[in-house]
Amino acid sequence: MLGERDEEVFAKKPAEKRRLGEPTGAFKGAAWGALVIGVSSYLIGLYNATMELNEKGYYIVLLILGLYSAVSLQKAVRDRDEGIRVTNLYYGISWFALISAIALMAIGLFNAGSIVLSEKGFYGISFVLSLFAVVTVQKNVRDAEEAKNIGES
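Quick notes on the rules
- Residues numbered from 1 in each chain as written.
- Predicted model: local features only at pLDDT ≥ 70, side-chain atom pairs only at ≥ 80, totals over all residues.
- Heavy atoms only, no water.
- Helix = DSSP H or I, 4+ residues; strand = E, 2+ residues; numbered from the N terminus.
- Expected span 1.5 Å × (residues − 1).
- Buried < 20%, exposed > 50% of the residue type's maximum accessible area, 1.4 Å probe, protein only.
- UniProt positions renumbered as here; feature names shortened; annotations may be inferred.
- Patch = residues over 30% accessible without salt bridge, like charges linked within 9 Å, V, L, I, M, F, W, Y side chains within 5 Å.
- Areas by Shrake-Rupley, 256 points an atom, 1.4 Å probe, with all protein chains shown as cover.
- Salt bridge = Lys/Arg side-chain N within 4 Å of Asp/Glu carboxyl O.
- Core = buried A, V, L, I, M, F, W, Y, C linked by side-chain atoms within 4.5 Å.
- Contact = heavy atoms within 4.5 Å.
- Phe/Tyr/Trp six-rings, centres within 6.5 Å; stacked < 30°, edge-to-face > 60°.
- Axes fitted to C-alpha atoms, helices over the stretch in contact; angles between N-to-C directions.
- Parallel < 35°, antiparallel > 145°, perpendicular 65-115°, else oblique.
- Left-handed = near helix turned anticlockwise from the far one by under 90°.
- Nonpolar A, V, L, I, M, F, W, Y, C, P; charged D, E, K, R; others polar.

Draft legend 1. Inspection of helix α4 (residues 88-111) at higher detail. Helix length check: α4, at 24 residues, gives a terminal C-alpha distance of 34 Å against a target of 34 Å (1.5 Å per residue), a fit within 8%. Of the residues making up α4, those classed as buried are Ser94, Ala97, Leu98, Ser100, Ala101, Met105, Gly108 and Leu109.

Encoded structure:
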């Protein structure tokens with residue numbers, strides 16, 4: 001319909017050089033960007049908060065627990081899916097740690113009388129963003145490593 005201009009309008013972008021199964025650079029960048037934005041906004045919010053140091057420490061520890069447990073659970077779930085042995089104890093602890101981090105965050109924010117509702121929402125959403133992003137980053141790292149190992153075989 002466009003005649004000879006078809007080729008100009010619908011010219012293909014050069015293919016990105018990557019191994020089979022490796023995430024695209026854009027996907028890896030988006031995951032790392034979301035992780036940096038989530039964690040940094042959470043920490044900047046805590047730094048500027050007018051709460052006691054022990055409260056700030058509580059929320060920092062919850063972030064660390066949440067990030068670690070999310071990565072640990074992601075690894076355990078994927079290992080099981082790929083037929084790599086994961087003990088039921090480790091699998092259960094991973095679930096327990098993640099559920100505990102999320103529950104303690106919800107309980108802490110619900111009971112925080114010194115934090116206004118908009119700040120509670122800010123901490124909650126940056127926490128959840130960070131958890132999602134760290135799982136995605138871990139997946140990308142593992143996919144890239146697996147693609148590298150397949151390429152070397």
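Draft legend 2. Structural context of the UniProt feature "transmembrane region" (unreviewed entry) in the protein chain. Under the UniProt annotation, "transmembrane region" (unreviewed entry) lies at residues 26-45, 57-77, 89-110 and 122-141. For residues 89-110, the helix share is 100%, the strand share is 0%, and the end-to-end C-alpha distance is 31 Å. Span residues 122-141 is 100% helix and 0% strand, its end C-alpha atoms 28 Å apart.

Draft legend 3. Summary view of a nonpolar patch on the surface. Residues Trp32, Val36 and Val141 make up a contiguous nonpolar surface patch of about 300 Å² in total accessible area. With respect to the secondary-structure elements, Trp32 resides in helix α2 (residues 25-48).

Draft legend 4. Highlighting helix α3 (residues 53-81). Between the first and last C-alpha of α3 there are 42 Å, a value that for 29 residues agrees with the 42 Å anticipated at 1.5 Å per step. Once α3 ends, the next one or two residues include Gly83, with phi positive near 85 degrees.

Draft legend 5. Representation of the nonpolar core in the model. The biggest cluster of nonpolar side chains holds 26 residues, and the ones touching the most others in it are Tyr42, Tyr59 and Tyr123. The set of elements that each furnish at least two residues to this core consists of α2, α3, α4 and α5 (117-152). Not counting the four nearest positions on each side in its chain, Tyr42 is found in contact with Tyr59, Ile60, Leu63, Met105, Phe122, Tyr123, Ser126 and Phe127.

Draft legend 6. View of the packing of aromatic side chains. All told, the structure shown has five aromatic pairs when counted by the stated rule. Ring centres of Tyr42 and Tyr123 lie 5.9 Å apart, and the angle between their planes is 80 degrees; on these two criteria the pair is classed as edge-to-face. With Tyr42 in helix α2 and Tyr123 in helix α5, the pair connects residues that are 81 residues apart, well separated along the chain. There is no split in this pair, since Tyr42 and Tyr123 are both buried. Here Phe122 and Tyr123 contribute two aromatic rings whose centre-to-centre distance is 5.4 Å and whose plane-to-plane angle is 70 degrees, an arrangement assigned as edge-to-face. Look at Phe122 and you get partly exposed, because its relative accessible area is 33%.

Draft legend 7. Up close: the packing of α2 against α3. Here α2 crosses α3 at 165 degrees, and the two axes come no closer than 10 Å. Our classification of the angle between α2 and α3 gives roughly antiparallel. Crossing of α2 over α3 shows left-handed handedness. Counting all contacts with α2, which are made through Leu35, Val39, Tyr42, Leu43, Leu46 and Tyr47, the residues of α3 involved are Lys56, Tyr59, Ile60, Leu63 and Leu67. Counted by class, the contact of α2 with α3 contains 10 nonpolar, no polar and one charged residues.

Draft legend 8. Expanded view of the environment of Val134. With respect to the secondary-structure elements, Val134 resides in helix α5. When the C-alpha atoms of Val134 and Gly38 are compared, they prove to be 9.6 Å apart, with 96 residues separating the residues in sequence. Excluding residues that lie within four positions of it along the chain, Val134 makes contacts with Leu35, Leu67, Ala70 and Val71.

Draft legend 9. Spotlight on the pattern of salt bridges. Per the stated rule, a full pass over the model turns up eight salt bridges. Between Asp79 and Lys75 there is a salt bridge, with its nearest N and O atoms 2.6 Å apart. Separated by four residues within a single helix, Asp79 and Lys75 lie in helix α3, roughly one turn from each other. Taking the shortest distance from any N to any O, the salt bridge between Asp79 and Arg142 comes out at 2.5 Å. Remark: Arg142 occurs in helix α5 and Asp79 occurs in helix α3; sequence separation between them is 63 residues. By relative accessible area, Asp79 is classed as buried at 6%. Taken together, the shared-partner salt bridges in this structure form one network comprising Lys75, Arg78, Asp79, Glu82, Lys139, Arg142, Asp143 and Glu146.

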